[in-house]
Each structure stands twice: as C-alpha cells, then as structure tokens.
Amino acid sequence: MAGLQVTDVQKALKGADYPMDGPALAELAKRNGADDELVEALRGLREVDGPNGVMKELKGHLGGSTDGDG
C-alpha cells in the first residue's frame, strides 16, 4: 500500500460541511469519486471539525511528504 495522497484527500472532501464524522466523510468521498482505500480510511474517523482534523486523523495512512504547517 503506497498510502493516500494529500491531494486525493482534498479532492475527495470537496464540498465538505464540517463538522463531519467518518461515515459522512466516506459518503462524500465516494460521491466525489475517491478510491475504495480512501473511502474506507475515512469511514473509521471520529468527528473532525475541518480539513486539518482529517489530515491529522489520516496521518498514518498518508504517503509522500506530510511536512507542512503543523
């Protein structure tokens, strides 16, 4: 498993209305065309209050560079 890409997560969650929990995020991602790996990773999340919360929760699943403003 190569890991999820930050850009894919951002695209998948376009239009999100936070706060949202994992199942709601997973459904949104599915509607936005996300792959099954990302949908399943999101489904397991607790409620988050924004994109930074999603990234923090997915940190163990993300591939590539996770360096940034955090």
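Residues numbered from 1 in each chain as written. Predicted model: local features only at pLDDT ≥ 70, side-chain atom pairs only at ≥ 80, totals over all residues. Heavy atoms only, no water.

Please give an account of the environment of glycine 15 that cites residues and values.
In this structure, glycine 15 sits in the loop between α1 (6-12) and α2 (22-31). On the basis of relative accessible area, glycine 15 is assigned to the exposed category, the value being 69%. Each C-alpha atom of the pair glycine 15 and alanine 29 lies 9.7 Å from the other, and the pair is 14 residues apart in sequence. (Helix = DSSP H or I, 4+ residues; strand = E, 2+ residues; numbered from the N terminus. Buried < 20%, exposed > 50% of the residue type's maximum accessible area, 1.4 Å probe, protein only.)

Summarise helix α4 (residues 51-58); cite the residues concerned and give the values.
Among all positions of α4, only Gly53, Val54, Met55 and Leu58 are buried. Close packing links the buried residues of α4 with α1, α2 and α3 (36-43). (Contact = heavy atoms within 4.5 Å.)

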